[in-house]
Structures are given as C-alpha cells and as structure tokens.
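# Remarks on the overall topology
Listed below, chain by chain, are the residues.
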Amino acid sequence: MDELHPTTVDDRPALILLHAFPLDRRMWKPQIEVFGRQVPFAAIDLPGFGESRDAQLPPDLDAWADAIVAALDQGFGGRRLIVAGLSMGGYVALRIAARHRDRLAGLILADTRAVGDSDTAKQGRTAAIELIRTQGLAPFVDDLIPKLVAPQTSGMIKAELINLAMEQKPESVVAA
C-alpha cells in the first residue's frame, strides 16, 4: 500500500462562539456546557479580552477575523466553521464571513449589525472612552449593564456580567 487513506470520524463543521463587548468567552458558559458534548466547538476570547489580554493585535476587525481563523486552523485544520457572534462578536463574525467565505458552513448573528455607527453612537463611544479613562471601568459598566439585558433579568445574571466586564483591562475596552 503506497498511500494511506484515513477515515475522518468527525468532519462536521465546528461551532465558533464570539463574545459580546466588554465580556469574554466565559459569557458562553451555559452554551459550552451543552454544545461541548454535542459538536466540535471553540469559544474565542477576542484580542485584549479574557485570556487573550496580551494579544498584540490592533483594534481592527479585519485583523481580528484573520487572527481568529489562523488560530482555528491550528485546532481544527481546514474544517468548515459555523461562526456565531453576539454584538461585537457579530461584527467580527461578519468580517470572517467577508474575508473567509470559503470556510463558512453557517453564520449566526445576534444583536449585532452590519452598518457603521451613527453620529450619535460615535459620540456615545467617545464619551464612554473618556469616562473609562478618567473614572475607570466601574461607572462605565454600571451604565452599560442595563443596556445589555432586559429589566427582568435576574440579579445573579447581572452580577455575573458585571464581574466579567470588570475583569477586562480598561485599555482593551477602550480599544474595542
């Protein structure tokens, strides 16, 4: 036999989870507990967040998309991807779709958009950056959490989101 012909046991697409701003991959814990037993998957810390705190990538969605696909190639080879992005994760998912279309088996976008910020939103981001730079993350996170969840969201979930957001580096939150 001059060639080997391996049989791939699992060639299903990998589910890739991209987190919301200003959190990290731990926000997906309930989904990981379910998907982790059913499909190949990866939850990614976007550059500067979670365990990728020291990532030296510029705050550029194209650079992030390329870096994520390159990292996934190491773990999943050329496997096709179902990329799911929430909010900021959705921005990155859209860039992956635009730049690496041949790798996509599916795209899930939640609470995100494909258009740039309005002038009002840009002013809000500028004010948020100034708030973080002058007063730290706490007042920013206090203002942000009510915008991220419904009023009836449990105190436990709100506290978990606050803790995740407060563990991020202020300079990463500003850059994002």
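The rules we used
- Residues numbered from 1 in each chain as written.
- Predicted model: local features only at pLDDT ≥ 70, side-chain atom pairs only at ≥ 80, totals over all residues.
- Heavy atoms only, no water.
- Helix = DSSP H or I, 4+ residues; strand = E, 2+ residues; numbered from the N terminus.
- Buried < 20%, exposed > 50% of the residue type's maximum accessible area, 1.4 Å probe, protein only.
- Core = buried A, V, L, I, M, F, W, Y, C linked by side-chain atoms within 4.5 Å.
- Pairing = 2+ DSSP bridges.
- Axes fitted to C-alpha atoms, helices over the stretch in contact; angles between N-to-C directions.
- Contact = heavy atoms within 4.5 Å.
- Right-handed = clockwise from strand over helix to strand, strands pointing away.

With that out of the way, let us pick up unusual backbone geometry. Along the chain, Phe-21 connects to Pro-22 via a cis peptide bond; the corresponding omega equals -5°. Tracing the backbone through its elements, the reader meets Pro-22 in the loop between strand E1 (14-18) and helix H1 (29-35). In this structure, Ser-87 is a non-glycine residue whose phi angle is positive, near 55°. Residues other than glycine seldom take positive phi values, yet Asp-111 does so here, at roughly 45°. Turning to its location among the elements, Asp-111 is positioned in the loop between strand E4 (104-110) and helix H4 (119-135). Asp-111 sits in the exposed class, given a relative accessible area of 67%.

This part is about the nonpolar core. A general trend in soluble globular proteins is that nonpolar side chains are found buried together. Among the nonpolar cores identified, the biggest contains 44 residues, and Ile-16, Leu-18, Ile-96 and Phe-140 are the most heavily contacted of them. A per-element tally of this core places helix H2 (residues 61-76) first, with six residues.

Glancing now at the sheet that holds E4. Pairing is parallel in the open sheet, where four strands are placed in the order E2-E1-E3-E4. Here the strands that pair on one side only, and so sit at the sheet edges, are strand E2 (41-44) and E4. Looking at each pair of strands side by side, their axes are set apart by 15° on average, direction ignored. Sheet analysis places E1 next to E2, joined by four bridges and oriented parallel. Across the sheet, Leu-17 pairs through a bridge with Ala-43, a residue of E2. Sheet strands in contact with H2 are E1, E2 and strand E3 (81-86), and its direction is about 145° off that of E2.

Alignment of E1 against E3, held across five bridges, turns out to be parallel. Within E3, the position partnered with Leu-15 by the bridge is Ile-82. Across six bridges, E3 lies against E4 in parallel orientation. Note on E4: the bridge partner recorded for Ile-82 is Gly-106. Where the polypeptide runs from E3 across helix H3 (residues 88-99) and back to E4, its parallel neighbour, the crossover connection is right-handed.

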